[in-house]
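# Tertiary structure, described
Spelled out, the chains give:
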Amino acid sequence: MSVPPFTVARFPARARRRTLDGESRRPWTFWVLAGLFTAYVLALYGPMLCIYVLSLQDVRGGLVFPMKGFSLHWFVDLFTQVRTGDVKGGFERSIMLAIMVTVLTVVGSFLAGLAFRNRFKGDGIVFYLMIGSLVAPGLVLGIGVGLLFQYLGLQASWYTSALGAHLSWTLPFGVLVMFAVMSRFDRSWEEAARDLGATRWQIIRMVVIPILAPGIVAVALFGFTLSYDEFSRSLQTSGPLNTLPLEIWSMTLNVTSPSLYALGTVTTLASFLIIGACLGAIALIQKKRARGISSH
Amino acid sequence: MTVGKGDIELAGVYKRFGDTVAVDGVNLKVPDGAYCCFLGPSGCGKTTILRMIAGHEDPTGGEILIGGEDVVGLPPVERRTAMMFQSYALFPHLTVRDNVAFPLRVRGLDKKERYKTADEMLEKVRLTELANRLPGQLSGGQQQRVALARAAITEPRVLLLDEPLSALDEQLRIQMRTELRRMQRELGITFIHVTHTQLEAIALADIVVVMEKGKIKQSGPAREVYAQPRDKYVAEFLGGQNVISGKVQSVNGASLMVSAPDANAITVPLGGRRGINDGDGVDLAVRRDDLRLRRPGVTVPNGWNSVNTRIRAIEYQGAFVKVMLDGVGGAEFVAYVPERDYFTDPFEVGDMVVATWLAEQSLLLS
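The following refers to the structure shown. As the structure is a computational prediction, the values presented were derived from the model and not from experiment.

Criteria and cut-off values
- Residues numbered from 1 in each chain as written.
- Chains lettered and ligands numbered in written order.
- Predicted model: local features only at pLDDT ≥ 70, side-chain atom pairs only at ≥ 80, totals over all residues.
- Axes fitted to C-alpha atoms, helices over the stretch in contact; angles between N-to-C directions.
- Helix = DSSP H or I, 4+ residues; strand = E, 2+ residues; numbered from the N terminus.
- Parallel < 35°, antiparallel > 145°, perpendicular 65-115°, else oblique.
- Left-handed = near helix turned anticlockwise from the far one by under 90°.
- Contact = placed C-beta atoms within 7 Å.
- Nonpolar A, V, L, I, M, F, W, Y, C, P; charged D, E, K, R; others polar.
- Expected span 1.5 Å × (residues − 1).
- Buried ≥ 20, exposed ≤ 12 C-beta atoms within 10 Å, placed from the backbone.
- Pairing = 2+ DSSP bridges.

## A look at the packing of helix α7 (residues 161-182) of chain A against helix α9 (residues 200-228) of chain A
Residues and elements named next belong to chain A. Close contact between α7 and α9 brings their axes to 9 Å; oriented N to C, the two are set at 160°. Between α7 and α9, the angle is such that the two are roughly antiparallel. By crossing handedness, the relation of α7 to α9 is classed as right-handed. Contact with α7, carried on its side by His166, Trp169, Thr170, Phe173, Gly174, Val177, Met178 and Val181, involves Leu212, Gly215, Ala218, Val219, Phe222, Gly223, Leu226 and Ser227 of α9 and no other residues of that element. For the contact of α7 with α9, the class distribution of residues is 10 nonpolar, six polar and no charged.

## Some points on helix α5 (residues 123-135) of chain A
Look at α5(A): 19 Å from first C-alpha to last across 13 residues, which is about the 18 Å you get at 1.5 Å a residue. Counted residue by residue, α5(A) has zero buried out of 13 residues, so it is predominantly exposed.

## Structural notes on the sheet that holds strand β5 (residues 69-70) of chain B
Residue and element names in this part refer to chain B. Strand order in this open sheet of four strands is β2-β1-β4-β5, and the pairing throughout is antiparallel. Whereas interior strands pair on both sides, the edge strands pair on one side only; in this sheet they are β2 (20-30) and β5. Where strand β1 (residues 8-17) lies against β2, eight bridges are found, and the strand directions are antiparallel. Across the sheet, residue Glu9 finds its bridge partner in β2, namely Lys29. Strands in contact with helix α1 (residues 46-54) are β1, β2 and β4 (61-66); relative to β1, the strand with the most contacts, it is inclined by about 115°.

## Side note on the interface of chain B and chain A
Across the boundary between the two partners, chain B contributes 23 residues, which contact 19 residues of chain A. Among the elements of the structure, α2 (76-79), β6 (81-84) and α3 (96-106) of chain B are those that each provide at least two residues to the side of chain B that touches chain A. Element by element, the count of residues in the side of chain B that touches chain A is highest for α3(B), at three residues. A per-class count over the side of chain B that touches chain A returns 13 nonpolar, seven polar and three charged.

Here it is, written out as structure tokens:
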């Protein structure tokens, strides 16, 4: 081989550097898995991205590619045109409903988590009933709730029947998350607090809730997002006024302009804002706890 | 007799969990300001007794008196006891200072006041520099000091420690042992310490309480329990003793002649015991450090007991040499030979030896 001597001399050094940053160590499976992951991310976010991009067209815009112009026209249209439906009302109702569901889910899951640390009579039955409502088809469950309200002569509405239908879904979810969080809770913390003179309420307030805080925020996040975009359980239970997912669905049937896409963009932004706020809250809690190191 | 504020009296304390009896009628008095160790294997009921004194468990029967008043049914605060948990149970979300100040916080003291007291306490356990750390960032020994400070800040009259040293490594354990004793002297309060390690118990305690299956086997000063075990269980659990089981050959006034396999007739002082007849089975104990090993053929002087045996294993321990011998009737039989004595005429594994001891150093067990 015609390799000049100085290159040979430098070779060991280069080999060492390569090993250090790990490039030469990567097996072929790395590239296969990386490719698979890229495809997965594209499949996950590609369709959504199309909608966000298409919502930014100007007045000539249509429902398919290619893009026609670039503006915020359809966002303005969304909030001004009556024909696009009751977007504002649907959004408000969905947010209100999601907040109610979140509060009830957090409270219910937290209490269930506390209760299930001890064995009690019928605990198995309660647990399986809960899991049952988790696996029941949402549409069927929604129809059932709707029928029940009709039978009882009650008016179905988003804040009564839909609230119940949503809870049948978010509550078991929240409880399962709470179980996972609780499993790492050491009961001797409570005992120690009692030993040191804390009352029951002080134990909950000063020890149990602060230690479980990140888990409680996670339960809240679950409750909110599951309710906010719930469709099948709302369909037969929301009564005369639509929640946002129902409103979007009805729009897909009669609105043929990119304002539909604009709506998709706006609701996604709202979701991300809420998720961001929750994750921010968790990060803040953890940062607050880790501050011990920095202030030292 | 006046009753001290932190003296403890257990009277017929009994505790049942379902069908199992955890504590079976325990009677005990611990004077104010004593360091008392409950010693026993796991499941012997020692932790249950501790938790009953602390008020985390109610006895099924019997009375628990602290400072002369029955405390059964009272919450820990009203008993003025504090417990240090085995895992320390430090609150992971609070800094060291906030952990130590926690008992003051639940009593409604304002921040300034409770931090002042907490900082004084932290100084006592030498943790001032770590006041702003979280428990997760501390070593085991530091965590223990925080737990100790947190328990002691309310000035309890009794401090209850549940296996406080079991989570530490050997070296730290010995170091923290000294620290515990120092704290106890400084605070001047009653300490009840639960452990399954006999070395820990006899090193620390004014009173050692040996337990088995929910019952107290023996209680008394460390030296008494170690050197004069009442029965076979205590002798074997505390170690340091060889237990020989044999049959009574004859009773001659103040001593017994006992026969055991491989042993020449063993003379045991009766120690005031009565009602022992020829042919009864008895257990006797002899301290491991009282054994003198002699070569076969050497005449055993008068007044010495002897057992013919063989060396099974030898362990060098620094200050002494642990020589493990073939047991009498299969039991463990060990001699602690002072290091200098041993090396004037060292033995080899497999050597036949005669284990001898002064007859009056034999102890008759019940």
